[in-house]
Amino acid sequence: MTPDLDPAHLELLERAEGLGRELLPQAAEADEADRFDAGIRAALASSGLVAYTVPGAFGGALPGVDPVSVALVREALAGHSAHADSMFAMQGIGSFALALGGSDAVRDAWLTRVATLDAVAALALTEPDVGSDLRALSTSLTVDGDELVVDGSKSFITNAPDADFFCVLAREADGLSLVFVPADLPGVTVTQPHQVISPHVLGDVVFDHVRVPLDHRIGAPGEGFGLVLRTLGTFRVSVGAAGVGIARAALAEALGYASERAIFGTTLARLGSVPGSLARCWVEIEASRSLVHRAASAAARDPLAALSLSSMAKVSGSETAGAVTDRCVQVMGRFGIVRGSRIERLYRAARPGRIYEGSTEVILDSLAKQLLREGAP
(Lines give C-alpha, C1' and ligand atoms only; values in the text may rest on other atoms or scores of the structure.)
Protein backbone atom coordinates (compact mmCIF):
# COMPACT_ATOMS: atom_id res chain seq x y z
CA MET A 1 0.00 0.00 0.00
CA THR A 2 2.81 2.41 -0.93
CA PRO A 3 1.55 5.46 -2.84
CA ASP A 4 2.97 6.68 -6.12
CA LEU A 5 5.23 9.44 -4.82
CA ASP A 6 8.28 11.24 -6.13
CA PRO A 7 11.58 10.12 -4.52
CA ALA A 8 11.78 13.05 -2.10
CA HIS A 9 8.27 12.50 -0.76
CA LEU A 10 8.76 8.75 -0.58
CA GLU A 11 11.96 9.24 1.42
CA LEU A 12 10.12 11.62 3.76
CA LEU A 13 7.33 9.09 4.28
CA GLU A 14 9.88 6.41 5.13
CA ARG A 15 11.65 8.75 7.57
CA ALA A 16 8.39 9.53 9.32
CA GLU A 17 7.40 5.84 9.42
CA GLY A 18 10.78 5.08 10.98
CA LEU A 19 10.21 7.68 13.68
CA GLY A 20 6.72 6.33 14.30
CA ARG A 21 8.04 2.82 14.85
CA GLU A 22 10.72 4.21 17.17
CA LEU A 23 8.07 5.98 19.25
CA LEU A 24 5.62 3.07 19.44
CA PRO A 25 6.98 1.55 22.69
CA GLN A 26 6.35 4.82 24.55
CA ALA A 27 3.25 5.88 22.63
CA ALA A 28 0.69 4.22 24.90
CA GLU A 29 1.78 6.23 27.92
CA ALA A 30 2.47 9.44 26.01
CA ASP A 31 -0.87 9.37 24.21
CA GLU A 32 -2.65 9.52 27.57
CA ALA A 33 -0.73 12.62 28.70
CA ASP A 34 -2.38 16.02 29.12
CA ARG A 35 1.00 17.76 28.85
CA PHE A 36 3.85 17.37 26.38
CA ASP A 37 5.79 14.13 26.81
CA ALA A 38 9.50 14.98 27.07
CA GLY A 39 10.67 11.82 25.30
CA ILE A 40 8.30 12.23 22.34
CA ARG A 41 9.22 15.90 22.07
CA ALA A 42 12.96 15.17 22.08
CA ALA A 43 12.66 12.42 19.46
CA LEU A 44 10.47 14.55 17.19
CA ALA A 45 12.81 17.51 17.54
CA SER A 46 15.91 15.47 16.71
CA SER A 47 14.20 13.93 13.68
CA GLY A 48 14.08 17.30 11.91
CA LEU A 49 10.54 16.61 10.70
CA VAL A 50 9.06 19.68 12.40
CA ALA A 51 11.07 21.82 9.99
CA TYR A 52 8.52 20.86 7.32
CA THR A 53 5.90 22.99 9.13
CA VAL A 54 7.82 26.28 8.72
CA PRO A 55 8.98 28.15 5.57
CA GLY A 56 12.64 27.89 4.65
CA ALA A 57 13.31 31.57 5.36
CA PHE A 58 12.77 30.79 9.03
CA GLY A 59 14.62 27.50 9.33
CA GLY A 60 12.16 25.28 7.49
CA ALA A 61 13.09 22.27 5.40
CA LEU A 62 11.60 23.63 2.15
CA PRO A 63 11.11 27.11 0.65
CA GLY A 64 7.45 27.02 1.63
CA VAL A 65 5.22 24.76 3.70
CA ASP A 66 4.34 21.84 1.42
CA PRO A 67 0.89 20.31 2.15
CA VAL A 68 2.01 16.99 0.61
CA SER A 69 4.97 16.72 2.97
CA VAL A 70 2.86 17.66 6.00
CA ALA A 71 0.20 15.11 5.02
CA LEU A 72 2.73 12.31 4.59
CA VAL A 73 4.34 12.93 7.97
CA ARG A 74 0.95 12.99 9.67
CA GLU A 75 -0.15 9.80 7.91
CA ALA A 76 2.97 8.05 9.20
CA LEU A 77 2.90 9.39 12.76
CA ALA A 78 -0.84 9.14 13.45
CA GLY A 79 -0.87 5.36 13.22
CA HIS A 80 1.85 5.08 15.85
CA SER A 81 1.36 7.99 18.27
CA ALA A 82 -1.52 10.45 18.42
CA HIS A 83 0.64 12.58 20.70
CA ALA A 84 3.50 12.86 18.19
CA ASP A 85 1.06 13.54 15.35
CA SER A 86 -0.63 16.39 17.21
CA MET A 87 2.70 17.84 18.35
CA PHE A 88 3.97 17.88 14.77
CA ALA A 89 0.81 19.25 13.15
CA MET A 90 0.19 22.04 15.65
CA GLN A 91 3.63 23.54 15.13
CA GLY A 92 2.48 24.39 11.63
CA ILE A 93 -1.16 25.17 12.37
CA GLY A 94 -0.18 27.36 15.31
CA SER A 95 2.50 29.35 13.49
CA PHE A 96 1.52 29.49 9.81
CA ALA A 97 -0.39 32.77 10.04
CA LEU A 98 2.62 34.30 11.77
CA ALA A 99 4.82 33.16 8.88
CA LEU A 100 2.40 34.75 6.41
CA GLY A 101 1.68 38.06 8.08
CA GLY A 102 3.85 38.61 11.14
CA SER A 103 6.32 41.45 11.52
CA ASP A 104 9.95 40.71 10.63
CA ALA A 105 11.05 41.15 14.24
CA VAL A 106 8.51 38.66 15.65
CA ARG A 107 8.99 36.10 12.87
CA ASP A 108 12.78 36.22 13.16
CA ALA A 109 12.61 35.83 16.93
CA TRP A 110 10.16 32.92 17.03
CA LEU A 111 9.77 30.88 13.87
CA THR A 112 13.27 29.38 13.86
CA ARG A 113 12.47 28.10 17.36
CA VAL A 114 9.19 26.63 16.13
CA ALA A 115 11.08 24.71 13.42
CA THR A 116 13.22 22.99 16.06
CA LEU A 117 10.44 22.53 18.65
CA ASP A 118 12.25 24.85 21.02
CA ALA A 119 9.09 26.98 21.05
CA VAL A 120 5.56 25.54 21.05
CA ALA A 121 2.91 27.23 18.89
CA ALA A 122 -0.83 27.47 19.44
CA LEU A 123 -3.69 28.92 17.40
CA ALA A 124 -6.43 30.38 19.63
CA LEU A 125 -9.71 30.45 17.72
CA THR A 126 -12.62 28.80 19.52
CA GLU A 127 -14.35 30.25 22.57
CA PRO A 128 -16.63 28.81 25.27
CA ASP A 129 -19.71 29.73 23.21
CA VAL A 130 -18.16 29.79 19.73
CA GLY A 131 -16.96 26.80 17.72
CA SER A 132 -17.36 26.59 13.95
CA ASP A 133 -19.03 30.02 13.68
CA LEU A 134 -15.88 32.06 14.20
CA ARG A 135 -17.54 35.24 13.01
CA ALA A 136 -19.50 35.22 16.27
CA LEU A 137 -16.47 35.34 18.55
CA SER A 138 -16.24 38.02 21.25
CA THR A 139 -12.53 38.25 22.18
CA SER A 140 -11.58 41.87 21.54
CA LEU A 141 -8.49 43.64 20.21
CA THR A 142 -8.11 47.38 20.75
CA VAL A 143 -5.37 49.90 20.08
CA ASP A 144 -4.13 51.91 23.05
CA GLY A 145 -1.32 54.25 22.03
CA ASP A 146 1.62 52.15 20.90
CA GLU A 147 0.13 48.93 22.23
CA LEU A 148 -2.57 46.38 21.35
CA VAL A 149 -4.84 45.16 24.14
CA VAL A 150 -6.41 41.67 24.09
CA ASP A 151 -9.42 40.74 26.23
CA GLY A 152 -11.44 37.54 26.12
CA SER A 153 -11.52 33.79 26.62
CA LYS A 154 -10.54 30.92 24.34
CA SER A 155 -11.57 27.30 24.84
CA PHE A 156 -10.35 23.87 23.76
CA ILE A 157 -7.03 25.27 22.52
CA THR A 158 -4.56 22.58 21.47
CA ASN A 159 -1.10 22.95 23.03
CA ALA A 160 -2.32 25.68 25.41
CA PRO A 161 -0.73 24.26 28.60
CA ASP A 162 2.70 24.03 26.93
CA ALA A 163 2.45 26.87 24.42
CA ASP A 164 5.11 29.56 24.28
CA PHE A 165 2.84 31.81 22.22
CA PHE A 166 -0.67 32.11 20.85
CA CYS A 167 -1.87 33.46 17.52
CA VAL A 168 -5.20 34.86 18.72
CA LEU A 169 -8.21 35.64 16.54
CA ALA A 170 -10.01 38.66 17.97
CA ARG A 171 -12.60 41.26 17.02
CA GLU A 172 -11.85 44.91 16.40
CA ALA A 173 -13.53 47.75 14.50
CA ASP A 174 -12.26 46.58 11.10
CA GLY A 175 -13.39 42.97 11.58
CA LEU A 176 -11.54 39.91 12.79
CA SER A 177 -7.81 40.29 13.29
CA LEU A 178 -4.94 38.11 14.44
CA VAL A 179 -2.46 39.07 17.12
CA PHE A 180 0.69 37.38 18.44
CA VAL A 181 0.64 36.91 22.23
CA PRO A 182 3.57 35.36 24.16
CA ALA A 183 2.23 32.96 26.77
CA ASP A 184 4.22 34.40 29.67
CA LEU A 185 2.73 37.90 29.55
CA PRO A 186 0.79 39.31 32.52
CA GLY A 187 -2.91 38.66 32.11
CA VAL A 188 -2.55 35.34 30.26
CA THR A 189 -4.03 32.45 32.27
CA VAL A 190 -4.24 28.82 31.11
CA THR A 191 -6.42 26.16 32.76
CA GLN A 192 -7.21 22.55 31.84
CA PRO A 193 -10.90 21.96 32.63
CA HIS A 194 -11.54 19.39 29.90
CA GLN A 195 -10.73 15.71 29.56
CA VAL A 196 -11.58 14.20 26.18
CA ILE A 197 -11.98 10.60 25.06
CA SER A 198 -8.74 10.63 23.10
CA PRO A 199 -6.33 12.39 25.49
CA HIS A 200 -5.05 15.58 24.01
CA VAL A 201 -2.97 18.52 25.24
CA LEU A 202 -5.83 21.00 25.61
CA GLY A 203 -6.50 24.10 27.64
CA ASP A 204 -8.67 27.16 28.06
CA VAL A 205 -6.97 30.54 27.89
CA VAL A 206 -8.07 33.85 29.42
CA PHE A 207 -6.61 37.11 28.11
CA ASP A 208 -7.25 39.77 30.76
CA HIS A 209 -6.22 43.16 29.39
CA VAL A 210 -3.08 41.67 27.85
CA ARG A 211 -0.82 44.28 26.25
CA VAL A 212 1.51 43.66 23.32
CA PRO A 213 3.45 46.02 21.02
CA LEU A 214 1.85 47.16 17.77
CA ASP A 215 4.26 45.01 15.76
CA HIS A 216 2.63 41.91 17.30
CA ARG A 217 -0.33 42.34 14.97
CA ILE A 218 -0.41 39.58 12.33
CA GLY A 219 -1.48 40.97 8.97
CA ALA A 220 -3.55 44.11 8.57
CA PRO A 221 -6.60 44.98 10.71
CA GLY A 222 -9.56 42.85 9.65
CA GLU A 223 -7.42 40.29 7.76
CA GLY A 224 -7.44 37.66 10.49
CA PHE A 225 -10.17 35.48 9.06
CA GLY A 226 -8.43 35.39 5.68
CA LEU A 227 -5.21 34.26 7.34
CA VAL A 228 -7.13 31.53 9.17
CA LEU A 229 -8.58 30.36 5.84
CA ARG A 230 -5.09 30.22 4.33
CA THR A 231 -3.98 28.14 7.31
CA LEU A 232 -6.90 25.75 6.76
CA GLY A 233 -6.14 25.62 3.05
CA THR A 234 -2.64 24.37 3.80
CA PHE A 235 -3.24 22.10 6.79
CA ARG A 236 -6.85 20.84 6.68
CA VAL A 237 -6.01 18.06 4.21
CA SER A 238 -3.49 16.71 6.71
CA VAL A 239 -6.36 15.84 9.09
CA GLY A 240 -7.56 13.44 6.41
CA ALA A 241 -4.04 12.09 6.11
CA ALA A 242 -3.89 11.43 9.85
CA GLY A 243 -7.19 9.57 9.55
CA VAL A 244 -5.73 7.41 6.79
CA GLY A 245 -2.75 6.64 9.01
CA ILE A 246 -4.99 5.62 11.89
CA ALA A 247 -7.08 3.41 9.60
CA ARG A 248 -3.98 1.76 8.11
CA ALA A 249 -2.68 0.91 11.58
CA ALA A 250 -6.06 -0.45 12.67
CA LEU A 251 -6.28 -2.69 9.61
CA ALA A 252 -2.78 -4.01 10.26
CA GLU A 253 -3.74 -4.86 13.86
CA ALA A 254 -6.97 -6.60 12.87
CA LEU A 255 -5.36 -8.48 9.99
CA GLY A 256 -2.52 -9.71 12.19
CA TYR A 257 -4.94 -10.89 14.85
CA ALA A 258 -7.39 -12.51 12.45
CA SER A 259 -4.62 -14.32 10.54
CA GLU A 260 -3.41 -16.02 13.72
CA ARG A 261 -6.67 -16.57 15.60
CA ALA A 262 -7.67 -20.23 15.24
CA ILE A 263 -11.41 -20.91 15.29
CA PHE A 264 -13.69 -23.69 13.95
CA GLY A 265 -10.80 -25.45 12.25
CA THR A 266 -9.55 -22.43 10.34
CA THR A 267 -8.36 -18.90 11.04
CA LEU A 268 -10.64 -15.97 11.76
CA ALA A 269 -9.34 -14.24 8.64
CA ARG A 270 -10.96 -16.94 6.51
CA LEU A 271 -14.21 -17.28 8.42
CA GLY A 272 -17.62 -15.98 7.36
CA SER A 273 -17.86 -12.25 6.80
CA VAL A 274 -14.46 -11.42 8.32
CA PRO A 275 -12.39 -11.50 5.11
CA GLY A 276 -14.94 -9.31 3.35
CA SER A 277 -14.88 -6.87 6.24
CA LEU A 278 -11.09 -6.62 6.09
CA ALA A 279 -11.16 -6.19 2.33
CA ARG A 280 -13.72 -3.39 2.63
CA CYS A 281 -11.37 -1.62 5.04
CA TRP A 282 -8.57 -1.87 2.49
CA VAL A 283 -10.76 -0.49 -0.31
CA GLU A 284 -11.92 2.46 1.80
CA ILE A 285 -8.39 3.27 2.98
CA GLU A 286 -6.97 3.26 -0.54
CA ALA A 287 -9.83 5.40 -1.87
CA SER A 288 -9.45 7.93 0.92
CA ARG A 289 -5.67 7.93 0.61
CA SER A 290 -5.89 8.71 -3.09
CA LEU A 291 -8.21 11.65 -2.42
CA VAL A 292 -5.93 12.94 0.35
CA HIS A 293 -2.88 12.84 -1.90
CA ARG A 294 -4.77 14.51 -4.76
CA ALA A 295 -6.03 17.26 -2.46
CA ALA A 296 -2.59 17.78 -0.91
CA SER A 297 -1.04 18.15 -4.36
CA ALA A 298 -3.72 20.68 -5.31
CA ALA A 299 -3.19 22.58 -2.06
CA ALA A 300 0.54 22.73 -2.80
CA ARG A 301 -0.30 24.62 -6.00
CA ASP A 302 -2.96 26.94 -4.53
CA PRO A 303 -4.20 26.32 -0.96
CA LEU A 304 -7.25 28.59 -1.14
CA ALA A 305 -8.38 27.35 -4.55
CA ALA A 306 -8.06 23.77 -3.30
CA LEU A 307 -9.89 24.34 0.00
CA SER A 308 -13.04 22.51 -1.14
CA LEU A 309 -11.01 19.51 -2.26
CA SER A 310 -9.02 19.60 0.99
CA SER A 311 -12.30 19.71 2.92
CA MET A 312 -13.53 16.63 1.04
CA ALA A 313 -10.28 14.85 1.85
CA LYS A 314 -10.62 15.82 5.51
CA VAL A 315 -14.15 14.38 5.64
CA SER A 316 -13.11 11.25 3.76
CA GLY A 317 -10.04 10.55 5.86
CA SER A 318 -11.65 11.18 9.23
CA GLU A 319 -14.85 9.28 8.41
CA THR A 320 -12.81 6.39 7.00
CA ALA A 321 -10.77 6.27 10.20
CA GLY A 322 -13.97 6.03 12.23
CA ALA A 323 -15.52 3.31 10.09
CA VAL A 324 -12.37 1.24 9.73
CA THR A 325 -11.36 1.32 13.39
CA ASP A 326 -14.90 0.35 14.40
CA ARG A 327 -14.88 -2.55 11.95
CA CYS A 328 -11.45 -3.69 13.14
CA VAL A 329 -12.51 -3.62 16.79
CA GLN A 330 -15.45 -5.82 15.80
CA VAL A 331 -13.16 -8.28 14.01
CA MET A 332 -10.99 -8.57 17.12
CA GLY A 333 -13.96 -9.19 19.38
CA ARG A 334 -13.29 -9.05 23.10
CA PHE A 335 -9.60 -8.34 22.48
CA GLY A 336 -10.59 -5.24 20.54
CA ILE A 337 -12.08 -3.55 23.59
CA VAL A 338 -9.20 -4.08 26.01
CA ARG A 339 -8.43 -0.66 27.43
CA GLY A 340 -4.92 0.50 26.58
CA SER A 341 -4.46 -1.92 23.68
CA ARG A 342 -3.26 -0.43 20.43
CA ILE A 343 -6.54 -1.04 18.62
CA GLU A 344 -8.51 0.56 21.45
CA ARG A 345 -6.24 3.62 21.39
CA LEU A 346 -6.65 3.89 17.62
CA TYR A 347 -10.42 3.62 18.01
CA ARG A 348 -10.44 6.56 20.43
CA ALA A 349 -7.92 8.55 18.39
CA ALA A 350 -10.12 8.28 15.30
CA ARG A 351 -13.17 9.92 16.84
CA PRO A 352 -12.07 13.56 17.33
CA GLY A 353 -10.97 13.89 13.70
CA ARG A 354 -14.59 14.07 12.64
CA ILE A 355 -15.07 17.16 14.84
CA TYR A 356 -11.96 19.36 14.99
CA GLU A 357 -10.85 21.71 12.19
CA GLY A 358 -14.39 21.70 10.87
CA SER A 359 -16.89 19.01 11.80
CA THR A 360 -18.12 16.68 9.06
CA GLU A 361 -21.58 18.28 9.17
CA VAL A 362 -20.29 21.86 8.92
CA ILE A 363 -17.99 20.96 6.02
CA LEU A 364 -20.74 19.09 4.17
CA ASP A 365 -23.08 22.04 4.62
CA SER A 366 -20.47 24.35 3.09
CA LEU A 367 -19.80 21.95 0.24
CA ALA A 368 -23.53 21.58 -0.42
CA LYS A 369 -23.94 25.35 -0.71
CA GLN A 370 -21.03 25.49 -3.15
CA LEU A 371 -22.49 22.62 -5.17
CA LEU A 372 -25.88 24.28 -5.41
CA ARG A 373 -24.32 27.61 -6.29
CA GLU A 374 -21.81 26.38 -8.91
CA GLY A 375 -23.30 23.09 -10.07
CA ALA A 376 -21.62 19.72 -10.42
CA PRO A 377 -17.93 19.89 -11.42
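The structure we're discussing is the one just above.
Residues numbered from 1 in each chain as written. Predicted model: local features only at pLDDT ≥ 70, side-chain atom pairs only at ≥ 80, totals over all residues. Heavy atoms only, no water.

Any chance you could break down unusual backbone geometry for me, citing the residues and the numbers?
Even without a glycine there, the phi angle at leucine 117 is positive, about 65°. Notably, histidine 209 is not glycine yet its phi reads approximately 55°, a positive angle. One can find histidine 209 in strand 7 (residues 202-213). A relative accessible area of 44% places histidine 209 in the partly exposed class. (Helix = DSSP H or I, 4+ residues; strand = E, 2+ residues; numbered from the N terminus. Buried < 20%, exposed > 50% of the residue type's maximum accessible area, 1.4 Å probe, protein only.)

So what about helix 1 (residues 7-30)? Which residues, and what values?
Between its first and last C-alpha atoms helix 1 spans 32 Å; for 24 residues at 1.5 Å apiece the expected length is 34 Å, and the two agree. Leucine 24 marks the point of greatest bend in helix 1, at about 65°, and the proline proline 25 comes within the next four residues. All of the buried residues along helix 1 are His9, Leu12, Leu13, Ala16, Glu17, Leu19, Gly20, Leu23, Ala27 and Ala30. Turning to helix 1, the residues buried within the fold contact helix 2 (38-47), helix 3 (67-78), helix 4 (82-101), helix 6 (224-260), helix 7 (274-301) and helix 9 (342-350). The opening residue of helix 1, the one whose side-chain oxygen lies 3.1 Å from the backbone nitrogen of alanine 8, is aspartate 6. (Expected span 1.5 Å × (residues − 1). Bend = angle between axes of the 7 residues up to and from the residue. Contact = heavy atoms within 4.5 Å. Polar contact = N/O pair within 3.5 Å; in protein donor to acceptor, adjacent residues only side chain to side chain.)

With reference to specific residues and values, describe empty space enclosed by the protein.
Applying the stated criterion to the full structure yields one cavity of 30 Å³ or more. Size it by volume and the largest cavity reaches roughly 110 Å³. Lining the largest cavity we find 14 residues, and of these Asp31, Ala82, Arg345, Leu346 and Ala349 sit closest to its centre. The greatest single-element share of the lining of the largest cavity, amounting to five residues, is contributed by helix 9. Here the lining of the largest cavity is composed, by residue class, of five nonpolar, four polar and five charged. (1 Å grid on protein atoms, 1.4 Å probe; cavity = no way out; pocket = protein on both sides within 12 Å on 5 of 7 lines; lining within 4 Å. Points joined across faces, edges and corners; volume = space filled by probe spheres on them. Nonpolar A, V, L, I, M, F, W, Y, C, P; charged D, E, K, R; others polar.)

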